[in-house]
Amino acid sequence: MSVQTIPGAAAADAPQSSRWRSLVTQESVSTLVVSVIVGAAVILPLITLVVSSFKVLDSGGFDTTWGFDNYKRLFTDRIIPKAFVNTLIISFGSTVVATFFGVSLAWINARTNCPWRERLEPYNLIPFFLSPFVGAIAWHNLASSKTGLLNVWAREYLGIETHLLNVNNLWGVVWVTGIFFAPLVYLFVVGSLRRMDPSLEDSARTTGAGLFRTTMTVTLPLVMPGILSGAIIVFVTAAGEFGVPFKLSAPYGWETLTTQIFSKAVGDDANHYLGATMSMALGAICAAFIYVQQRYIAPRSFTTVTGKGFRPNVLDLGPWKWVAFGYNIAFIMVAVVMPILCLFIVSLHPVWEGRIFLNELTTINYEKTLFWWQSGAIKAATNGIYNSFFLAFVGASIAMVLSLVVSHMIHRTKGFGARLLDFLCVVPIGFPGIVLAMGVLVTYIQTPIYATLWIIMLGYITRFFPYGQRNISSVMLAISEELDQSSRMAGASWFTTLRRITIPLLKPGIFAGWVLLFIIFLRELSISIILYTSGTETLSVGVYYLANFENEPLTCALSIAQTVVLLICIIVFRRVAGREALTA
Amino acid sequence: MVNANDNRYVEVQGLVKWFGNDRAVDDISFSIPRGKFLTLLGPSGCGKTTTLMSIAGLHTIDAGSIRVGGVVYTSKAEGLFLPPEKRDIGMVFQSYAIWPHMTVAQNVAYPLEIRKVARAEIDERVAAVLRLVGLADMADKLATQLSGGQQQRTALARAIVSKPRLLLFDEPLSNLDLKLREQMRVELKRIQHEVGITSIYVTHDQAEALVMSDEIIVMSKGRIQQKGGPHQIYARPVNAYVSNFIGVANLLKGRVVEVTAPGRGAVEIEEGGRSIRLPCRLADGIGPGADAVVSIRPENVRARRENGDGRALEGEVIQAIFLGNCVDCRVRWGEYEWKVLAHPRDRLREGEKVYLRLDPEHTLAVLP
Amino acid sequence: MSAGEAMVALDRLNKYFGAERAVNDVTLSVAPGEFVTLLGPSGCGKTTTLRCIAGLERPDGGDIRIGRQTVASASQGVYLNPEDRNIGMVFQSYAVWPHMTVFENVAYGLRVRRAPGHVIKQRTMRALELVGLAQLAERYATKLSGGQRQRVALARAIVYEPKVVLFDEPLSNLDAKLREQMRVELVRLQREVGITSIYVTHDQSEALVMSDRVVVMNKGVIQQIGDPQAIYARPANAFVASFIGVANLMQGTLIGRSGELCEMEIPLGEGRSPLRVSAVGGEGAAMGQTVILSVRPEDILVHLKAPETAVGNLTEGQVIDTVYLGNFLECRVRAGTHELGVQIDHFENLQPGQKVHLSFKPEHGLCLTG
């Protein structure tokens, strides 16, 4: 044996064991700092919201007393109870629509021989990245009863007297919200459909069950937890959606909780405390649903993936595959192509009355909403370009750093802190943006960050960093902890390991998460609308401003600009994240 | 500089580790001479991996101390804890833990870079160690392009490149398929022998332990059952647990009735109303009158069709499973079923009457 | 056996994946109650053959009969769906449905067949008793261990008394100890129920332990069909010899024949005169033809000194290394250009580099062609 290969003088320069300092390490200090920041950011607004909801504004509008009057008003107010019912109708309705489209499309793409299904999938997912508010504007121009393009054509070519469709009501909101949130359900379902161990179905077939029976008794029950999870997320997101009802139904008499919170909390006779109370009510509903989903449904997800790279069973539809194909294309038409096309057409007209005038096409709407250097530019719109890009870029970056550290702590350290953080990361998902924004507003209204971009950014990060965290966590769970440990064993410190091993390994997850947050921040409306002031408008606030105070063509022009940027981001996202990133 | 005694190069004293209310490692002490290969062997949950992780410093310990080559790694009593990166250990994990964003050469160079070795020397040492593990032509491959066996070799190269004080192996072969595993056992042992780094190897696979180790520690429920060389552990287990865990054994309860010479005597066993006296060897700590378990390996039981001297045990073959090079038989004797390994050419048939002969040399009375 | 008695009959079965011929003219008949194993390395076509029988793959050529019914025939255009073939199947991943209880999993096949409630209850419980899971009937499948899931899958496959049960490597996800235990148990059950079984595995010891007959496959083609002893003792070719058990294979030339035995000459490389051995087999080989000698490691004896009496074939070698495996010592010996594996029953102190003499009896050597 060659003893000389052992480092002979190893003990000479050997480090001496330090005193028991396991409590003060790079790791534990970072963990503590981040826990405190995250805890404060998430908990503070919620506590302030609860406290504010019990403050009652006197008739003078200056002094407050403590009491339950705000809660009483939830029931006695002329509009609020109706808005409450409308919110529930919209949530239920759009959940049904989104689940129908989401599940059927996922099944077609994952389990049938529908032609070009691999190519169609990215287009099925596009609405997930676009702004539902812009979708509502588009559908308003497609199918409002008087000037909607489809209705004008129906009168002209089909000879229909009044109108074919009318989206200016609750059902319009249900429709637009439903098709825009269908990809959410799709993403919850498609993974388990696509990677289900085929022998689960094969065994039903060999046992004697036919195709239909196998689908009903095996396939569907196995993906049911995914469907339910997706449906609950849609329900909650729809309840918190502000832009769609604001555009389509509120002006026509169908208020929702969100439009009511907005009109009570913002404006000259604003009553933040009543807004806070309404937010409490909306938040309570959403949190309850998310609790049910996290507690009872998510853990029931069946492990149908056995680790081997299976090809799923693909059903030969025969000639019906063209029906499936047509259905798929139809969805893409109503959810993506028609809305964008319509926005584009409208945006080229100086005024819009439901008719296309090819000889009057103009780019003036783009100039007024985008060219900030021109004198005729509308500041409320052009401000949004800089503000949104700043918010999206800096916000996404901060959120991802936070996500990285939080994920690392959740998955690589054990104990109470990790579990607490995990919980804190779920909380913001349970609260609609507008609720969280109310919390942030009442918390920070008397601090210097009020009326700056920073308060909006704070709202964005608090609400959405769990999305980034999830993106990183899924990658982190897939890579073995031993990869980190072997770096420690090789002699690298915690921080060096993070820098040289962990972060490079997580790079795809970090970048995918960053782009996702960038997209979300770029189109965000319901937080911005509560927290913006003159000068801190975002892109979506600009669209809101134009829709509210200017004309349709200007609104459509800025909408198209926002949509184009988002589409570019989607392409980038797919490049870096790959096809499986979202469905993982 | 005087190192610790080479015979006690690694010294673990009174190691205790709790997980919640569970005493995962329960007061373990052992030492390893410099350059030797020690295996911690036991079923899952026996505390072998926890012991390894304690030595690696990947978690703290609740009592005891660990010293390697004169350096205190951790000592609860003195309140000392050396973080893992300062322990100068090479470790090979079950999942290999090859960093997928680096090439083979980059993976192997990493420990040297951390130690701030000069670039030229790094290149030289990486090339040398890759030759040693047989991956010289794979240096620029990404880890993801490697097969399981090649990842394993890369992990080994990375662990030994910095010539650490100690090598730790956490079930490194368990993800490989059977044929490759058998081949890698021999290979791994050869490389360890060549570099001469003291090694601790954790496995639940007794064949692996027998093939590779200089010494084996058999563990169960956080405690050491036996420590010894492979042949000693296999041929002279100290108790029924070790006897059954290493290989297969016929175990019969009995009582020592006679001690004829040091380490030799006879055991009386009761079976189906009969009482039989078996001459045997006695394990340490077994005296006259003591309750004992008789352990006889299936390959040491001879099944014949004739009784010979009339002292054989008469039984009936109730199962004969053909395994190719041998036949795994069950022979019913009273209520007891003997496991007997017979030669295929004996052509034992189910239902046949046979006589079992036991060799006193290979009949061992051990602690229950 | 005549084709009329067969429970399952494959006639010139063919299956292509793209240009690759996964199953190549496979013809096989399985008698009622028989346990037949398809054995081969991964990609040898054994699983594809099984899936063709199950109806999970559609064959490109040939016929499949189960009982008296033709379930697939490429020439007649017959193809029955899996649910219409009255078979049971146990999968590698167990495929126990996680959203059902153990009872519901097993009862499924009876419900599909519209059995009355009391029959379902009675037969399901009987099947569960048979596999030893009666007390876990109301447990959800997710709460079971691997071995228990395996039993559920088995009970589910046999409860409606199908004509044949198909096994697709059912034990390969279990750990070694449990696997050995389940082998024996599975055979016991199969004998007890008397159900015709076709079993796919890549594990040769599994095949030897469990089967009435073994079908060895490679590259889509059947290499040999026979009972375990015959396959082990008289492999038909070098592939079977090395796939079943361990075999030392050495290439040589056929130089003579005397009675049952044939004489072979095996070159040992430069500087050593060729080894002349006599062995059994070699039927059909011509003088001067290249043949392969196969000897099992346990049939080779090691002598420290040259044996004085005639012991059959004899050669000299040098120990390369030894591996201690408890009940025996595995020793590699270099003889000329060949490396031979030898299994030694008793513990002997052999040092690397040591000179030894190797011998084996002529009846333990086998002359193979091709």
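Just so it is clear, the model here is predicted, and its values are computed rather than measured.

Engineer: What exactly am I supposed to notice about the overall build of chain C here?
Structural biologist: Summing up its helical and strand segments, chain C has eight helices and 21 strands in all. With the C-alpha coordinates aligned to their principal axes, the bounding extent of chain C is approximately 80 × 50 × 35 Å. Contacts in chain C between residues at least 24 apart in sequence constitute 64% of all its contacts with a sequence separation of at least 6. Carbon and sulfur atoms form 48% of the exposed surface of chain C, whose accessible area is close to 15800 Å².

Engineer: Got a minute to help me understand the domain arrangement of chain B in this structure?
Structural biologist: A common way to express how large an interface is: the accessible area buried when the components associate. Residues and elements named next belong to chain B. On domain assignment, one finds that chain B holds domain 1 (6-235) and domain 2 (240-366). Look at where the C-alpha atoms of domain 1 and domain 2 centre, and you get two points 38 Å apart. On the side of domain 2, eight residues touch domain 1, which itself brings 14 residues to the contact. Carbon and sulfur atoms supply 67% of the area that domain 1 and domain 2 bury against each other, a total of about 910 Å² over both sides. Taken as a group, Gln-206, Val-218 and Tyr-234 account for 48% of the area that domain 1 buries against domain 2, more than any other trio of residues on that side. At the junction of domain 1 with domain 2, the criterion picks out zero salt bridges. Counting across the domain 1 and domain 2 interface gives three residue pairs in polar contact (both at pLDDT 80 or more). Residue assignment for the side of domain 1 that touches domain 2 shows that the elements contributing at least two residues are helix H6 (206-212), strand S10 (215-220), strand S11 (223-228) and helix H7 (230-235). A per-class count over the side of domain 1 that touches domain 2 returns eight nonpolar, six polar and no charged.

Engineer: It is not clear to me how the interface of chain A and chain C should be interpreted in this structure. Could you clarify?
Structural biologist: Listed as interface residues are 22 residues of chain A and, on the opposing side, 24 residues of chain C. Summed over both partners, the interface of chain A with chain C comes to about 1900 Å²; 59% of that surface belongs to carbon and sulfur atoms. Contact with chain C buries area across many residues of chain A, yet Arg205(A), Thr206(A) and Thr207(A) alone supply 32% of it, more than any other trio. For the pair chain A and chain C, the number of links is two salt bridges. A salt bridge links Glu83(C) to Arg205(A), with the shortest nitrogen-to-oxygen separation between them at 2.6 Å. Linking chain A with chain C are ten residue pairs in polar contact (both at pLDDT 80 or more). Of all the elements in the fold, those that place two or more residues in the side of chain A that touches chain C are helix H8 (198-207) and helix H9 (211-239) of chain A. The residue inventory of the side of chain A that touches chain C, partitioned by class, reads eight nonpolar, nine polar and five charged.

Engineer: Help me understand the packing of helix H15 (residues 379-412) of chain A against helix H18 (residues 453-478) of chain A, please; the structure alone is not making it clear to me.
Structural biologist: Packed helices, taken two at a time, are described by their axes: the angle between them and the distance between them. All names here are of chain A. The interhelical angle for the contact between H15 and H18, taken along N-to-C directions, is 45°, at an axis separation of 6 Å. With respect to each other, H15 and H18 are oriented oblique. Every pair of crossing elements has a handedness; the one defined by H15 and H18 is right-handed.

Engineer: What is the right way to look at the domain arrangement of chain C in this model?
Structural biologist: Residue and element names in this part refer to chain C. Partitioning chain C into structural domains gives domain 1 (3-241) and domain 2 (247-368). Using C-alpha coordinates to define each centre, domain 1 is positioned 39 Å away from domain 2. Between domain 1 and domain 2, the residue contacts involve eight residues of the former and ten residues of the latter. When the two sides are added together, the surface that domain 1 and domain 2 hide from each other amounts to roughly 700 Å², 54% of it contributed by carbon and sulfur. On the domain 1 side of the contact with domain 2, Tyr-232, Arg-234 and Ala-241 bury the most area, a combined 65% of that side's loss. Taken together, the connections running from domain 1 to domain 2 amount to one salt bridge. Inspection of the domain 1/domain 2 interface yields four residue pairs in polar contact (both at pLDDT 80 or more). Of all elements in the fold, only helix H7 (228-233) and helix H8 (238-243) reach the threshold of two or more residues within the side of domain 1 that touches domain 2. Grouping the constituent residues of the side of domain 1 that touches domain 2 by class yields six nonpolar, one polar and one charged.

Reading guide: rules and limits
- Residues numbered from 1 in each chain as written.
- Chains lettered and ligands numbered in written order.
- Predicted model: local features only at pLDDT ≥ 70, side-chain atom pairs only at ≥ 80, totals over all residues.
- Heavy atoms only, no water.
- Helix = DSSP H or I, 4+ residues; strand = E, 2+ residues; numbered from the N terminus.
- Contact = heavy atoms within 4.5 Å.
- Areas by Shrake-Rupley, 256 points an atom, 1.4 Å probe, with all protein chains shown as cover.
- Domains from an automatic or database assignment.
- Buried area = accessible area lost by both parts, 1.4 Å probe.
- Salt bridge = Lys/Arg side-chain N within 4 Å of Asp/Glu carboxyl O.
- Polar contact = N/O pair within 3.5 Å; in protein donor to acceptor, adjacent residues only side chain to side chain.
- Nonpolar A, V, L, I, M, F, W, Y, C, P; charged D, E, K, R; others polar.
- Axes fitted to C-alpha atoms, helices over the stretch in contact; angles between N-to-C directions.
- Parallel < 35°, antiparallel > 145°, perpendicular 65-115°, else oblique.
- Left-handed = near helix turned anticlockwise from the far one by under 90°.

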